[in-house]
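Structural description and commentary
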Amino acid sequence: MRRWLWAAALALCAHPALAQDIATLVADRVEILADTVLVAEGAVEIRQRGITLTAARVTFDAARDSLTIEGPIVLSDAGGTRVLADQAKLSADLRNGIMTGARLVLEQQLQLAADELQRVGGRYTELGRTVASSCQVCAANPVPIWEIRAQSVVHDQLEQQLYFTGAQLRFFGVPVFYIPRLRMPDPGLNRASGFLQPDVRITNRLGYGIIQPYFLVIDPSRDLTLAPYLTSRQGRSLGLRYRQAYDSGQVEVNGALSTDRILPDELRGYLFATGAFSLPRGFALTFGLQAVSDKGYLIDYGISERDYLDSFVEVQRVNRDEFVLGRVHYYESLRDAPDPTRPSSMIDLINVRRMSLPGLGGAASLRYLLSGENRVSSSVRDSNGDGIADGLQTAQALIGLDWNRNWYLPGGLVATAQALGQADVIAVNQDPTYPARIGRLYGALGGKLGWPLRRVENGGAIQVLEPAAQVLLSPGSTPDVPNEDSRLIEFDEGNLFSLNRFPGSDEVELGNRAALGLNWTRLAVDGSAVALTLGRVLRQEDLDQFSRSSGLDGTASDWLVGMQILSAQGFGLTQRLLVGDQAALTAAEARLNWAAGDFGLMSGYFYSISDPADGKPDPISELTIGGNWNMAANWTGEASLRHDFIAGRASRASVGFKYRNECMLVDLSLSRWFADSTSVTPTTEFNIAVDLLGFGGSAAPGPARRCRS
């Protein structure tokens with residue numbers, strides 16, 4: 001069949017007004033009648049100014065500047081809007097006219113069907129009696145899950161808005177709501193003012209409740225979300241979220257004000273604010289503000305499970321050879337019995353520079369530190385008998401240099417020289433057990449010898465076995481200083497050969513010592529890997545620096561046993577054990593991840609012996625497990641559990657289900673918080689949220705339902 005291509009078809013018809021906008025017409029047959037009428041038949045396609053029209057027959061009348069079109073008709077534009085119709089009468093530029101038996105399809109998701117559709121100015125599309133839905137409809141299932149019926153609908157293509165008049169929301173054909181006027185964003189718009197999906201929530205403390213957020217676009221860089229929350233037990237709350245973007249960063253503020261019967265005589269609430277900005281010369285600024293009216297508010301309203309607040313300001317710069325950090329933190333505990341060792345505020349100025357020392361080679365790091373910590377109290381005594389002064393203020397200035405260099409020896413041996421030296425001055429206030437000013441010098445010198453052995457299996461897998469030993473010489477004593485930042489000590493594969501295993505700067509590791517370790521790794525060709533680590537630290541004498549639960553106390557530490565398994569099939573296991581000479585378990589930690597097809601599992605376990613000196617009056621044995629699975633084509637589920645074996649009960653449990661198809665998302669969740677204290681009581685919460693997909697900002701659609709006869 002011969003195809004005809006007509007460029008500037010309107011100009012050929014001697015219509016000068018439209019000759020400015022070149023149109024392209026393709027058809028099987030083209031005929032010109034009476035010099036002013038053009039008839040195109042057979043797979044007709046017209047393209048003009050980003051608009052494409054396909055039809056069975058098109059008649060252009062130049063005298064009347066109109067197109068008469070016979071269907072099936074498909075009219076689409078670059079914005080993702082498509083109109084399907086049986087017949088149409090449009091202007092020559094395709095921007096105005098009437099279409100009958102029409103359907104408006106937005107972003108290939110939301111469909112609006114009407115007997116008649118009118119295009120106005122290329123911007124507005126007006127539909128008469130309309131049915132709107134994104135649900136699949138077929139002969140076997142003629143009624144959609146949900147639909148909006150309206151007397152008329154106007155689609156503003158420029159503003160990407162849908163305006164419904166006389167709207168009625170139906171589920172399975174049953175009317176549920178009637179709204180005289182309704183405005184909704186079209187699917188292509190991700191940000192527009194209007195009501196968001198409501199959230200139905202049920203808790204044992206607040207009763208039945210509903211949250212109805214309203215999203216307000218202030219301008220292209222700012223928006224505000226207001227979320228009223230009404231409950232059956234006289235709970236009244238107004239939540240807000242404010243966001244603002246700048247050329248160099250962004251700010252977000254979340255908060256709420258509430259009244260309820262839990263604390264009937266108080267105005268409750270919280271305020272969280274965060275921000276991040278890029279500064280000149282490669283610096284970055286981050287800050288956070290956290291405040292709450294009472295210790296139980298965050299749990300009661302399902303906002304957070306945190307047990308302390310951290311407000312901070314940080315400025316940092318990181319490049320190849322330098323790290324700069326300045327930070328200020330303020331802490332507030334939400335526990336009934338706050339940790340007496342946690343400072344209420346701290347400030348740090350840190351600068352670390354990497355370099356090569358002339359004449360020595362290797363790699364060196366020069367560190368400068370200025371820090372201050374404050375634990376607020378009006379008392380200078382130990383009023384609760386925990387061995388720690390109630391109030392304490394410290395300030396520290398430190399300069400330190402560490403250095404290491406490797407040599408590769410015959411036989412594959414790797415020798416490493418290591419050195420560390422530092423000097424600091426600490427000022428102490430409000431603790432009479434320490435001098436007002438303490439000066440300290442510290443150093444460590446030694447080396448490490450490793451022998452990495454490599455073996456390649458016949459199948460291509462690689463095994464690496466590396467025994468290693470480290471010897472360090474260090475002073476046996478330094479002036480005693482308050483320990484505010486080095487209390488949480490972990491003995492693991494990362495610090496087996498460290499020069500100083502204390503995480504902060506207040507404490508330094510003293511005494512002559514040796515570390516022995518053995519690492520074995522197997523790397524398979526399919527990407528799976530197995531790694532084992534065995535290590536121990538030996539000391540010339542016990543200087544009583546470490547707690548029992550750290551595994552580092554005594555002249556011989558516990559045995560460190562580490563294992564990591566990574567499978568190409570999605571299985572991962574990381575485990576760490578601290579085991580004493582009599583096979584007594586001091587600490588254990590395990591993390592498991594497994595993803596297999598439609599199922600995923602995440603689990604963690606932690607165990608530690610009791611150690612009052614380390615803030616653990618009782619043993620810790622806690623399991624955390626969570627999973628998710630695709631139950632069916634449209635159903636997904638997830639569950640989590642945190643169980644305290646010492647208390648003999650769960651501390652947190654939750655389960656949730658989601659149903660998602662081509663037009664609707666239903667989210668159900670049930671959670672239980674088992675905490676029991678004077679400020680936080682056990683809380684059960686049930687949530688249900690329904691999202692009608694197809695409008696702006698909605699979630700991605702799921703698999704379409706099958707139409708069965």
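This text gives an overview of the structure that appears in the document. As the structure is a computational prediction, the values presented were derived from the model and not from experiment. Within every chain, residues take consecutive numbers counted from 1 along the sequence as written. A pLDDT threshold of at least 70 governs which residues receive local features in this predicted model, and a stricter bar of 80 or more applies before side-chain atom pairs are shown or counted, although totals over entire chains, interfaces and linings include all residues. The side-chain quantities take in all heavy atoms of the structure and omit both hydrogens and water.

**Digging into the nonpolar core**
In this text, buried Ala, Val, Leu, Ile, Met, Phe, Trp, Tyr and Cys residues form a nonpolar core when linked through side-chain atoms within 4.5 Å. Exposure is judged per residue with a 1.4 Å probe applied to protein chains only, and the accessible area is read against the type maximum: over 50% gives exposed, under 20% gives buried, and values in between give partly exposed. Counting residues in each nonpolar core, the largest one holds 50 residues, and the members touching the most others are L53, I69, M99, L112, W146, I148 and F164. For this core, the element with the highest residue contribution is strand β5 (residues 51-61), accounting for five residues. The contact criterion used is simple: two residues touch if any of their non-hydrogen atoms lie within 4.5 Å. Those residues in contact with I148 that sit more than four places away from it in its chain are T130, V131, A132, F164, A167, Q168, L169, L182 and F695. If you look at the next biggest cluster of nonpolar residues, it comprises 14 residues, including A227, Y270, Y297 and L334. To qualify as a helix, a DSSP run of H or I must reach at least 4 residues; to qualify as a strand, a run of E must reach at least 2; elements of each kind are numbered from the N terminus.

**So, empty space enclosed by the protein**
The distinction between a cavity and a pocket rests on a 1 Å grid over the protein atoms alone: a 1.4 Å probe fits inside a cavity but cannot get out, while a pocket stays open yet meets protein on both sides within 12 Å along at least five of seven lines, and a residue with an atom within 4 Å of a point counts as lining. Grid points are joined across faces, edges and corners, and a volume is the space filled by probe spheres set on the points. One pass over the full model with this rule turns up four cavities of 30 Å³ or more. Its volume calculated, the second largest cavity comes out at about 50 Å³. Around the second largest cavity, the lining residues are L510, R539, E541, D542, L543, D544, Q545, F546, L552, D553 and G554.

**Examining the state of the cysteines**
Count a disulfide wherever a pair of cysteine sulfur atoms falls within 2.5 Å. Tallied over the entire structure, the rule returns one disulfide. There is a disulfide in this structure between C135 and C663, and the S-S distance comes to 2.1 Å. Taking the sign of the S-S torsion, about 85 degrees here, the bridge from C135 to C663 comes out right-handed. Of the two residues, C135 sits in the loop between β11 (130-133) and β12 (146-150) while C663 sits in the loop between β42 (649-660) and β43 (664-673), which places them 528 residues apart along the sequence. Per residue, the accessibility class of C135 equals that of C663, and both read buried.

**Regarding the environment of S333**
For S333, the location among the structural elements is in strand β26 (residues 322-333). Considered as a pair, S333 and L309 are 24 residues apart in the sequence and their alpha carbons are 6.3 Å apart.

**So, the pattern of salt bridges**
Salt-bridge detection follows one rule: a side-chain nitrogen of Lys or Arg within 4 Å of a carboxyl oxygen of Asp or Glu. Per the stated rule, a full pass over the model turns up 31 salt bridges. Taking the shortest distance from any N to any O, the salt bridge between E685 and R201 comes out at 3.5 Å. Linking E685 in strand β44 (residues 683-692) with R201 in strand β17 (residues 199-203), this pair joins segments that are 484 residues apart in sequence. For the pair shown, E685 and R201 are each scored as buried. When the shortest N-O distance is used, the salt bridge between R353 and E322 registers 3.5 Å. Pair noted here: R353 is in strand β27 (residues 345-357) and E322 is in strand β26, with a separation of 31 residues, a long-range link. In the salt-bridge network here, residues are joined through shared partners; they are R205, D260, R268, D294 and D300.

**So, the packing of aromatic side chains**
Only Phe, Tyr and Trp rings are paired, with Trp represented by its six-membered ring, and only when their centres lie within 6.5 Å; those with planes under 30 degrees apart are stacked, over 60 edge-to-face, the remainder tilted. All told, the structure shown has 13 aromatic pairs when counted by the stated rule. Between Y308 and Y331, the ring centres sit 6.3 Å apart and the planes meet at 55 degrees, which makes this aromatic pair tilted. Remark: Y331 occurs in strand β26 and Y308 occurs in strand β25 (residues 308-318); sequence separation between them is 23 residues. Looking at Y331, the relative accessible area reads 16%, which means it is buried. Geometrically, the ring pair formed by Y605 and F645 is edge-to-face, given 6.4 Å between the ring centres and 65 degrees between the ring planes. With Y605 in strand β39 (residues 599-608) and F645 in the loop between β41 (635-644) and β42, this pair connects stretches of sequence that are 40 residues apart.

**Digging into unusual backbone geometry**
Although it is not a glycine, Q234 sits at a positive phi angle of roughly 60 degrees. Look at Q234 and you get exposed, because its relative accessible area is 52%. For D544, which is not a glycine, the phi torsion comes out positive at approximately 55 degrees. For D544, the location among the structural elements is in the loop between β35 (529-539) and β36 (559-566).

**Comments concerning the environment of S567**
Following the sequence through the fold, S567 ends up in the loop between β36 and β37 (571-579). Judged by its relative accessible area of 25%, S567 is partly exposed. It is 4.4 Å that separates the C-alpha atoms of S567 and S528, two residues lying 39 residues apart in sequence.

**Notes on the pairing of strand β34 (residues 513-523)**
With eleven bridges joining them, strand β33 (residues 462-473) and β34 adopt antiparallel strand pairing. Within β34, the residue paired with V471 across the bridge is A514. In this scheme, strands are said to pair when DSSP sees at least two bridges between them. Where β34 meets β35, eleven bridges bridge the pair, whose relative direction is antiparallel. What sits directly across from A515, in β35, is V537. Hairpin connection of β34 to β35: five residues between the antiparallel strands, including G527 at a positive phi of 95 degrees.

**Thoughts on a nonpolar patch on the surface**
Exposure above 30% relative accessible area and no salt bridge define the residues that can form patches, which grow by joining like charges within 9 Å and nonpolar side chains of Val, Leu, Ile, Met, Phe, Trp and Tyr within 5 Å. What sets the accessible areas is the Shrake-Rupley method with a 1.4 Å probe; for residues, cover comes only from the shown protein chains. Judged by side-chain polarity, W451, L453, L465, L518, L534, W559 and V561 come together as a nonpolar surface patch covering roughly 540 Å² of accessible area. Secondary-structure assignment places V561 in strand β36.

**Concerning the side chain of E322**
Looking at E322, the relative accessible area reads 18%, which means it is buried. Among the polar contacts listed, one links the side chain of E322 to the side chain of R353, at a separation of 3.5 Å. Among residues more than four places away in sequence, those in contact with E322 are R317, N351, V352 and R353. Pairs of N or O atoms within 3.5 Å make up the polar contacts considered here, provided that, within protein, one atom can donate a hydrogen while the other can accept it, and that residues adjacent in sequence are counted only when both atoms are side-chain atoms.

**Quick notes on the pairing of strand β40 (residues 620-630)**
Sheet analysis places β39 next to β40, joined by ten bridges and oriented antiparallel. From the neighbouring strand, M602 faces β40, where its bridge partner is G626. Sheet topology note: the β40/β41 ladder contains nine bridges and is antiparallel. Bridge pairing links L623 to H643 in β41. The antiparallel pairing of β40 with β41 creates a hairpin that spans four residues between the two strands.

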